[in-house]
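# Residue-level structural notes
Okay, here's what each chain looks like letter by letter:
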Amino acid sequence: MPTVSQNALFGMGNPLLDISAVVDKDFLDKYGLKPNDQILAEEKHKALFDEIVNKSKVEYHAGGSTQNSVKIAQWMIQEPHKVATFFGCIGTDHFGEILKQKAAEAHVDAHYYEQSQEPTGTCAACITGDNRSLVANLAAANCYNKEKHLDVDSNWSLVEKAQVYYIAGFFLTVSPESILKVAKHASVNNKIFGLNLSAPFISQFFKEPLMKVMPYVDIIFGNETEAATFAKEQGFETEDIAEIAQRVQSLPKFNKNRQRIVVFTQGREDTVATVGDRVKVFPVLDIDQNDIVDTNGAGDAFVGGFLSELVQEKPLEECIRAGHYAANVIIRRVGCTFPEKPDFQ
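Cut-offs and rules
- Residues numbered from 1 in each chain as written.
- Predicted model: local features only at pLDDT ≥ 70, side-chain atom pairs only at ≥ 80, totals over all residues.
- Heavy atoms only, no water.
- UniProt positions renumbered as here; feature names shortened; annotations may be inferred.
- Helix = DSSP H or I, 4+ residues; strand = E, 2+ residues; numbered from the N terminus.
- Rg over C-alpha atoms; globule rule 2.2 N^0.38 Å.
- Contact = heavy atoms within 4.5 Å.
- Lys, Arg positive; Asp, Glu negative; His and termini not counted.
- Charge placed at Lys NZ, Arg CZ, Asp CG, Glu CD.
- Salt bridge = Lys/Arg side-chain N within 4 Å of Asp/Glu carboxyl O.
- Buried < 20%, exposed > 50% of the residue type's maximum accessible area, 1.4 Å probe, protein only.
- Pairing = 2+ DSSP bridges.
- Axes fitted to C-alpha atoms, helices over the stretch in contact; angles between N-to-C directions.
- Polar contact = N/O pair within 3.5 Å; in protein donor to acceptor, adjacent residues only side chain to side chain.
- Core = buried A, V, L, I, M, F, W, Y, C linked by side-chain atoms within 4.5 Å.

In the nomenclature of an unreviewed UniProt entry, the protein chain is known as Adenosine kinase of Culter alburnus. Within the UniProt record for the protein chain, the comment given under Sequence similarities (unreviewed entry) is "Belongs to the carbohydrate kinase PfkB family." Per UniProt, the protein chain carries the Subunit (unreviewed entry) text "Monomer."

## A word on the overall build of the protein chain
Within the protein chain, the regular secondary structure consists of 13 helices and 14 strands. The globule rule puts the C-alpha radius of gyration for 345 residues at 20 Å, and the 19 Å found for the protein chain is close to it. Along the first, second and third principal axes, the C-alpha set of the protein chain runs to 55 × 45 × 40 Å. Look at the contacts in the protein chain between residues 6 or more apart in sequence, and 74% of them connect residues 24 or more apart. Measuring between centres, the 34 positive side-chain charges of the protein chain sit 4 Å from its 46 negative side-chain charges.

## Examining the pattern of salt bridges
Oppositely charged side chains may form a pair once their charged atoms are brought near each other. In the structure shown here, the tally under the stated rule is 13 salt bridges. Between Lys100 and Glu97 there is a salt bridge whose closest N-O contact spans 3.3 Å. With Lys100 and Glu97 both in helix α4 (residues 94–105), this residue pair falls three residues apart, about one helical turn. By relative accessible area, which is 27% here, Lys100 ends up partly exposed. Since its relative accessible area comes to 44%, Glu97 is described here as partly exposed. A salt bridge links Lys253 to Asp218; the shortest N-O distance between them is 2.7 Å. Taken together, the residues Lys253 in the loop between α11 (241–249) and β12 (261–266) and Asp218 in the loop between α9 (207–213) and β11 (219–223) connect sequence positions 35 residues apart. Like Asp218, Lys253 is buried. Salt bridges sharing common partners tie together Glu97, Lys100 and Glu114.

## A word on the sheet that holds strand β4 (residues 59–63)
What the five strands build is an open sheet, ordered β3-β8-β7-β2-β4; its pairing is mixed. Looking at which strands have only one partner, the edges of the open sheet turn out to be β3 (37–40) and β4. Neighbour to neighbour, the strand axes of the sheet diverge by 20° on average, direction disregarded. Across seven bridges, strand β2 (residues 16–22) lies against strand β7 (residues 121–128) in parallel orientation. Residue pairing in the sheet places Val22 in a bridge with Ile127 of β7. The sheet strands contacting helix α2 (residues 46–53) are β2, β4, β7 and β8 (131–137), and the helix crosses β7 at an angle near 65°.

## Side note on the UniProt feature "active site" (unreviewed entry) in the protein chain
The sites that carry the UniProt feature "active site" (unreviewed entry) are, in the present numbering, Asp300. Within the fold, Asp300 resides in helix α12 (residues 298–310). For Asp300, the residues in contact, after removing those within four places along its chain, are Ser65, Asn68 and Ser69.

## Some points on the pairing of strand β13 (residues 269–275)
The pairing of β12 with β13 spans three bridges and is antiparallel. Each residue of the ladder has a partner; that of Phe264, found in β13, is Val272. Hairpin connection of β12 to β13: two residues between the antiparallel strands, including Gly267 at a positive phi of 60°. When β13 meets strand β14 (residues 278–282), the two strands line up antiparallel, connected through five bridges. The partner of Ala273 across the bridge, within β14, is Lys280. From the end of β13 to the start of β14, which pair antiparallel, there are two residues, and Gly276 there has a positive phi angle of about 60°.

## Points about the side chain of Asp218
According to the relative accessible area criterion, Asp218 is buried, its value standing at 3%. Within the structure, Asp218 has its side chain in polar contact with the side chain of Lys253 (distance 2.7 Å).

## Considerations on the nonpolar core
Among the nonpolar cores identified, the biggest contains 91 residues, and Val182, Phe193, Phe264 and Phe306 are the most heavily contacted of them. Among all residues touching Phe306, those that are not within four sequence positions of it are Ile219, Phe221, Val263, Leu316, Cys319, Ile320, Ala322 and Gly323. Among the nonpolar cores identified, the runner-up in size contains 13 residues, and Ala21, Leu33, Phe49 and Cys126 belong to it.

## Description of the side chain of Gln115
Examined against the element boundaries, Gln115 turns out to sit in strand β6 (residues 109–115). Relative accessible area serves as the criterion here: at 7%, Gln115 is assigned to the buried category. There is a polar contact of 2.9 Å between the side chain of Gln115 and the backbone nitrogen of Glu118. Not counting residues within four places of it along the chain, the set of residues in contact with Gln115 comprises Cys89, Ile90, Gly91, Thr92, Ala140 and Cys143.

## Considerations on the sheet that holds β6
Strands sit in the order β6-β5-β1-β9-β10-β11-β12-β13-β14 across an open sheet of nine strands; the sheet is mixed. Looking along the sheet, the strands with just one partner apiece sit at the ends: β6 and β14. Direction aside, the axes of adjacent strands within the sheet are offset by 20° on average. Both strand β1 (residues 9–12) and strand β5 (residues 84–91) contribute to a ladder of four bridges, which runs parallel. By the bridge assignment for β5, Phe10 is matched with Thr85. Sheet strands in contact with helix α13 (residues 316–330) are β12, β13 and β14, and its direction is about 155° off that of β13.

Right, dumping it as structure tokens:
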């Protein structure tokens, strides 16, 4: 049984407090939202946050894509505590306190950069049936400062302790220079750096920072929509997920000691991953449609499960199996929440 050390897994991203509520189509239409999407809040969405908070059944959960994933990885690992480190920026306010409390409860070693200019970021999860439309108001999360946090010796030493790194593509909108510093450290030291395509808008509007980091990426995650958008933006001229995976795998790579691994999930369809030079499909766990409560955290949970095995140096097949297990647990619950202990064997 490989024992895993504290701070072996490092994540950095946008810590957000998720505010989730079941809404109707009229609500989506009112704010011009698609049923299944994730976007950054614009001026026209300001009232949405007030309106959703006043809904009858609103739930608050510590969120943000990367933070969710490292939290789930820690939950899968259980012991020791604080295998996962997390960096991100919050405000000195009530929501920030909630995030700190939730990270502590999840046994994640969170080191937030705290500032008082902007309030803690929030993400409205507008749920309709088994779809979810996410609107992120980054606020404080947008204020992450490389010089004032990542470069500080005591913080950077935590980065150096890690063996596996994971950052969601969303953070490319905030601090691409922080991502590059971490990614280069991983590559030069032959450690594993993982990145998520996160949302179609990242491949479309943050193409340049994304492609700057790509040579350092050992594992790239995404879902079928993100994969298709990436392929389109890169001029691959194919919509075949397996073919896209191969094309992404063969993009230039800095550390030649590790072949890039591409993992694309497709909801209830098979997960597609590159294994060596081949592309393999991995069926997801069966679930009765009636058992699906909230698909909001499924992608983050998949990555969390995957990372929990990766950091224990398990083979790719095991990492994917753990990802499927974690996603299967999470979609039966509201928010990115989980039972006390996993029963993953």
